[in-house]
Amino acid sequence: MMKIGVIGAGSWGTTLANLLAKAGHRVTLWAYEDDLALRIAESRVNDLYLPGVTLAPSLACTSRLREAVEGSQLLLLVSPSQVMRHVLLELAAFLPDGCLLVSAAKGIENGTLMTMSEVLEEVLGPEVAQRCAFLSGPSFAREVADEKLTAVAVAAQSPEVAKKVQEVFSTEYFRVYTNQDVMGVEIGGALKNVIAVAAGVSDGLGYNHNSRAALITRGLVEIARLGVAKGAQEATFYGLAGMGDLVLTCTGDLSRNRSVGVALGQGRSLDDILNHMHMVAEGVKTTESAYQLAQKLGISMPITEQMYLILYAGKDPQDAVSALMRREPRAEDA
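Not measured: the values here are computed from a predicted model.

Mind showing me how you'd approach the pairing of strand E2 (residues 26-30) here?
Two faces belong to every sheet, and in a regular strand the side chains alternate between them. A large share of E2 lies buried, amounting to four of its five residues. Of the pairings in the sheet, the one linking strand E1 (residues 3-7) to E2 comprises five bridges and is parallel in character. The partner of Ile7 across the bridge, within E2, is Trp30. Note that the unit made of E1, helix H1 (residues 11-22) and E2 has a crossover that is right-handed. For E2 and strand E3 (residues 60-62), the ladder comprises three bridges, and the chain directions are parallel. When the bridges of E3 are listed, Thr28 appears paired with Ala60.

Structure, rendered in C-alpha cells:
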C-alpha cells in the first residue's frame, strides 16, 4: 500500500482519491477551497463536485498543499490544465525524492501550447519527467464513483512506471491498460473535448445521429492528424484514450463539454453558459490552444477551426455548420 496525495478535489480528483482509499492506500485529497476541505473531512461527502457519494472513512482531506504532498510515494495531479503550471510551481519545493507523478488532467496550456507532459518536464525537470504517467480514457467521474465498469489507459516513458501505476489503480471495476505513447494519450484526451463541444452544438441545433456520427469520425481524423504531427503513434487514437474517450464525451449526457455545445447550439452565449457552471469544461480553453497549435504546425483541422470561431469570434453556430458542409469536396483520406 502506498501513501498517495491527490491534488485537486473536483469530481474526477475526488472519485480517484476515493477509489484509491477504498483499495487500501493512505490517501490525502487536496482541495483549493478551505471550506470545501473542511466539509469533506466532516461529512465524508464532496457536496460541491460529487454530491451523493459517501467517501471512504480513511480518506483524508486538506486545503494545505504541503500536507498532501510531503511524504507521498505517488502524487495524482487532477487540477485543471490551465492552472497545472501554477500548482506544480507551488509543490516543487516539497516534492519527495523518487515520488511518482500521475496526471489525470486533459488539456493543452493556453499561450505556451504545451501538453501536460511538456509542462511537467519544463517545471520539474527531465529527471522527474521519467517518473511521470498520464491517465486517460472513457471515464465519467460519476460512473466510476458508482463503481460502474470502466477501462482506461496509462502512458509513461518508462514501462516500469506505467506498470506500477497500473497496479496501483486497478480494481475489480476499474481496469487499466498500459501504453508508451505519452503524446498520443495526451492529445486524445485533450482534443476529444473540443470535438465534444462541436457534437453538442450539432445536437443543440437539432441535428441527429447522422450528424453526430460524422462529427465523431471526422473529429477523430483531426485529433490523429495533430497527434501524429506532435510525434504520437496513429494507432493510439483508435484505443481507449482516443476513440473510446471521444465516443463517450460526444454522446454521454454527463459530458460537461457536450453540454456546453448543446447550450451554444440552442442560442445561449458562452459567458452565460460558463457563469452558470461550477465545474470546468476543458474543451472551451483547449479549443483555443488546439486551433493555434494547428496553425503553428500547418495542420488542417476544420472542425476545430469552426469551434474556435464560434467560441472566440462570435460566429453563429449555423453558419459554422454551413462552412463545414460547403468545403471543397475531397477524398476521405486526404
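I tried to follow the layout of surface pockets on my own but got confused; where do I start?
Of the voids in this model, the largest pocket is the one considered here, and its volume is about 1,400 Å³. Lining of the largest pocket is provided by 48 residues; of these, Gly10, Pro80, Arg256, Met279 and Val280 occupy positions nearest its centre. Those elements giving two or more residues to the lining of the largest pocket turn out to be H1, helix H4 (84-91), helix H7 (141-145), helix H9 (182-204), helix H11 (240-251), helix H12 (256-265) and helix H14 (282-297). Residues that form the lining of the largest pocket fall into these classes: 24 nonpolar, 14 polar and ten charged.

Looking at this structure, how should I read the packing of aromatic side chains?
In this description, a pair of aromatic rings is defined by centroid distance and the angle of the planes. Taken as a whole, this structure holds four aromatic pairs when the rule is applied. Ring geometry for Trp30 and Tyr32: centres 6.4 Å apart, planes at 80°, overall edge-to-face. We classify Trp30 as buried; its relative accessible area is 10%. A connected cluster of aromatic rings, assembled from ring pairs, spans Tyr291, Tyr308 and Tyr312.

Explain the sheet that holds strand E6 (residues 132-136) to me, please; I cannot follow it from the model alone.
Strand-to-strand pairing in sheets goes through backbone hydrogen bonds, with the strands running parallel or antiparallel. With mixed pairing, eight strands are arranged side by side in an open sheet as E3-E2-E1-E4-E5-E6-E7-E8. Both outer strands of the open sheet, E3 and strand E8 (174-179), are each paired with one neighbouring strand and no more. Within the sheet, the average angular offset between the axes of one strand and its neighbour, ignoring direction, is 25°.

What is the right way to read unusual backbone geometry from this model?
For residues other than glycine, phi is negative in most cases, and the peptide bonds are mostly trans. One non-glycine residue with positive phi stands out, namely Leu113, at about 65°. Mapping Leu113 onto the fold places it in the loop between strand E5 (100-103) and helix H5 (116-124). Look at Leu113 and you get buried, because its relative accessible area is 10%. Residues other than glycine seldom take positive phi values, yet Glu147 does so here, at roughly 60°. As for its position among the elements, Glu147 is in the loop between H7 and strand E7 (150-156).

Conventions and cut-offs
Residues numbered from 1 in each chain as written. Predicted model: local features only at pLDDT ≥ 70, side-chain atom pairs only at ≥ 80, totals over all residues. Heavy atoms only, no water. Buried < 20%, exposed > 50% of the residue type's maximum accessible area, 1.4 Å probe, protein only. Helix = DSSP H or I, 4+ residues; strand = E, 2+ residues; numbered from the N terminus. Pairing = 2+ DSSP bridges. Right-handed = clockwise from strand over helix to strand, strands pointing away. 1 Å grid on protein atoms, 1.4 Å probe; cavity = no way out; pocket = protein on both sides within 12 Å on 5 of 7 lines; lining within 4 Å. Points joined across faces, edges and corners; volume = space filled by probe spheres on them. Nonpolar A, V, L, I, M, F, W, Y, C, P; charged D, E, K, R; others polar. Phe/Tyr/Trp six-rings, centres within 6.5 Å; stacked < 30°, edge-to-face > 60°. Axes fitted to C-alpha atoms, helices over the stretch in contact; angles between N-to-C directions.

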